[in-house]
Amino acid sequence: MKIISIVWYKVLPPKFGGQKGIACFNNELAKHHPLVCLCAANNEPADDLLYKVRTELPVSKWQFILPSCWKKITNVISQEKATHIILEHPYHGLAAIRARKATGAKLIVHSHNIEAERFREMGKWWWQLLYLYEKWVHRKADLSLFKTETDMSWAIQRFKLQHTACMVIPYGVTRPVKIKEAGSMIRQRHDIAATDKILLFAATLDYKPNAIAVEHLFNQIAPEISRQHLSYRIIICGRNNHPSFQYLKKLSHPAVILAGEVEDIENYFSAANVFINPVESGGGMQTKNIDALSYELNVICFDYMLAGIEISLVNSKVFPIAKNDWKGFVATIHTACLYSQVLPEGFFHHYSFTRQTEKLAARLNSL
């Protein structure tokens, strides 16, 4: 068996949830079967990866409709003599289906969200076209992977998939080592008093649901913190390269630090007292919540944004808030800062990349 993983965007080096969900997943899966990742040219693979990386896809969303890109995908699969194609997201579905027909490889579609639903929630007019395409790709697949039981059930019902051709593979984590010196390091870097609690929000900021969450941090949460005279500082970390989201850099509040895309995000997770996530839409699993929990942080988020979190495994470390209850959100911050519970070992067992790839490797053997 040999696997080709098709990744249309930058995931290397992995910094945030979606990137880790592919890069680290592939590294663990490569322990079971040889794997080649065919990805966008702007990826920067490290020397210690367990799999081969071919950075040969264009850095453009137009790649999905380029016949030259379709040909490249088929050629690489043929050259590598791949027996299985794992398509990360459905967008290169047409190319992958053509390649499967030409090579005889099995097709696995790895869904990280129901993409059409995500864009429907964002108000995109073309979501119905994406729905039809996404449905077609999944129905052509030999196996469909979903991040949550909710997504899988939705797809089985709406896309008319066979239950036996579907599988849940949750977002994975590795157990991070909290850095003892991180607190003093981050406080010194951003001039934060020793008496101030650190509240962290980390995400890709040039994505509309996350950008709106940043607006809420500046316009709703930070002012309420000031009104209640609470000693908290909010740090916001994340990439913001798209021109349409540069307005975020002009937002200002004395309680908020816009740190940008940092090279040592693990220090920020280690230094934080609580992770706050005011994202209101976007669909699917909020991988940022899982990442924060892996650092033993308490997490505050809206109650309808908990898809994929096994509440029984987080030992009351998640604090759900009703939609638009900003006063309740800030009041809960104080509670979450005082409340300390150890994350159960079962959390790391359930969400570990090792366990998830073991399950998938066994399933691939039976396709």
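Residues numbered from 1 in each chain as written. Predicted model: local features only at pLDDT ≥ 70, side-chain atom pairs only at ≥ 80, totals over all residues. Heavy atoms only, no water.

*Asks:* Sorry if this is basic, but what is going on with the overall build of the protein chain here?
*Replies:* A count of helical and extended segments in the protein chain gives 13 helices and 13 strands. Here the protein chain has a C-alpha radius of gyration of 21 Å; the compact-globule value for 367 residues is 21 Å, and the two agree. With respect to the three principal axes, the spread of C-alpha positions in the protein chain is 65 × 40 × 35 Å. Within the protein chain, the proportion of its 367 residues that are buried is 56%. Once local pairs closer than 6 in sequence are excluded, the contacts in the protein chain between residues at least 24 apart make up 66%. In the structure as shown, the protein chain presents an accessible area of about 16100 Å², 52% of it carried by carbon and sulfur atoms. Within the protein chain, one finds 43 positive and 32 negative side-chain charges whose respective centroids are separated by 7 Å. (Helix = DSSP H or I, 4+ residues; strand = E, 2+ residues; numbered from the N terminus. Rg over C-alpha atoms; globule rule 2.2 N^0.38 Å. Buried < 20%, exposed > 50% of the residue type's maximum accessible area, 1.4 Å probe, protein only. Contact = heavy atoms within 4.5 Å. Areas by Shrake-Rupley, 256 points an atom, 1.4 Å probe, with all protein chains shown as cover. Lys, Arg positive; Asp, Glu negative; His and termini not counted. Charge placed at Lys NZ, Arg CZ, Asp CG, Glu CD.)

*Asks:* Would you explain the side chain of H89 in this entry?
*Replies:* You can see H89 is positioned in the loop between β4 (84-88) and α3 (93-103). Leave out the neighbours within four places in its chain, and H89 touches W8, Y9, I22, H110, H112 and E115.

*Asks:* Teacher, can you tell me more about the pairing of strand β8 (residues 197-202) here?
*Replies:* One face of the sheet, then the other: side chains in a regular strand alternate in exactly this way. Counting buried positions along β8 gives five out of six residues, so the element sits mostly inside the fold. Inspection of the sheet shows β8 paired to strand β9 (residues 232-237) by six bridges, in the parallel sense. Directly across from L199, in β9, lies its bridge partner I234. Tracing the backbone out of β8, into helix α8 (residues 208-227) and back to the parallel element β9 gives a crossover that is right-handed. (Pairing = 2+ DSSP bridges. Right-handed = clockwise from strand over helix to strand, strands pointing away.)

*Asks:* Looking at this structure, I do not really get the packing of helix α1 (residues 17-29) against helix α13 (residues 353-365). What am I missing?
*Replies:* Think of two packed helices as two axes; the pair is described by the angle between the axes and how far apart they sit. Running from N to C, α1 and α13 cross one another at 65 degrees; their axes reach a closest spacing of 9 Å. Judged by the sense of rotation from one axis to the other, the crossing of α1 with α13 is right-handed. Mapping the contact onto sequence places K20, G21, C24, F25, E28 and L29 in α1 and F353, T354, T357, L360 and A361 in α13. Along the lines of polarity and charge, the residues of the contact of α1 with α13 split into six nonpolar, three polar and two charged. (Axes fitted to C-alpha atoms, helices over the stretch in contact; angles between N-to-C directions. Left-handed = near helix turned anticlockwise from the far one by under 90°. Nonpolar A, V, L, I, M, F, W, Y, C, P; charged D, E, K, R; others polar.)

*Asks:* I keep staring at the layout of surface pockets and nothing clicks. Help me out?
*Replies:* By rolling a water-sized probe across the atoms, one finds the places where empty space is left. Of the voids in this model, the second largest pocket is the one considered here, and its volume is about 660 Å³. Looking at the second largest pocket, it is lined by 29 residues, and the ones nearest its centre are P14, K15, K20, C24 and T174. When contributions to the lining of the second largest pocket are tallied by element, the ones reaching two or more residues are α1, α9 (265-271) and α10 (287-294). Top element by residues in the lining of the second largest pocket is α1. It accounts for five residues. (1 Å grid on protein atoms, 1.4 Å probe; cavity = no way out; pocket = protein on both sides within 12 Å on 5 of 7 lines; lining within 4 Å. Points joined across faces, edges and corners; volume = space filled by probe spheres on them.)

*Asks:* Any chance you could explain the sheet that holds strand β12 (residues 298-302) here in plain terms?
*Replies:* Sheet strands pair by backbone hydrogen bonding; their relative direction is either parallel or antiparallel. Ordered by their spatial adjacency, six strands build an open sheet running β10-β9-β8-β11-β12-β13, and the pairing between neighbours is parallel. Looking at the sheet topology across the chains shown, the edges are occupied by β10 (256-260) and β13 (318-321). Adjacent strand axes in the sheet meet at a mean angle of 25 degrees, parallel and antiparallel pairs treated alike. As paired elements, β9 and β10 share four bridges and run parallel to each other. In the strand pairing of β10, C237 is matched with G260.

*Asks:* Any chance you could explain the state of the cysteines here in plain terms?
*Replies:* The term disulfide refers to a covalent linkage connecting the sulfur atoms of a pair of cysteines. Within the structure shown, the criterion is met by zero disulfides. You can see C237 has no disulfide; the closest cysteine sulfur is in C337, sitting 17 Å from it. Note on C237: relative accessible area 0%, which makes it buried. (Disulfide = S-S within 2.5 Å.)

*Asks:* Would you take a moment to explain the pattern of salt bridges for this structure?
*Replies:* Close approach of charged atoms lets side chains of opposite charge pair. Enumeration according to the criterion identifies 14 salt bridges in this entry. Between E224 and R227 there is a salt bridge, with its nearest N and O atoms 2.8 Å apart. Taken together, the residues span about one helical turn, with E224 and R227 both in helix α8 at a distance of three residues. Residue classification places E224 among the buried residues on the basis of a relative accessible area of 7%. Overall, the relative accessible area of 55% leaves R227 in the exposed class. Three or more residues joined by partner-sharing salt bridges are found here, namely K2, K52, R54, E56, K72 and E80. (Salt bridge = Lys/Arg side-chain N within 4 Å of Asp/Glu carboxyl O.)

*Asks:* What should I look at first to understand the nonpolar core in this one?
*Replies:* Soluble, globular proteins show a tendency: their nonpolar side chains are buried together. Formed by 69 residues in total, the largest nonpolar core has its most connected members in F201, I234, I333 and F347. Looking at which element gives the most residues to this core, the answer is α8, with eight residues. Setting aside anything within four residues of it in sequence, one finds F347 in contact with V173, I290, L293, S294, L313 and V314. Of all hydrophobic cores here, the second largest spans 24 residues; its members include L29, I86, I108 and M167. (Core = buried A, V, L, I, M, F, W, Y, C linked by side-chain atoms within 4.5 Å.)

Fair warning: the whole summary comes from geometry, so function is off the table for now.
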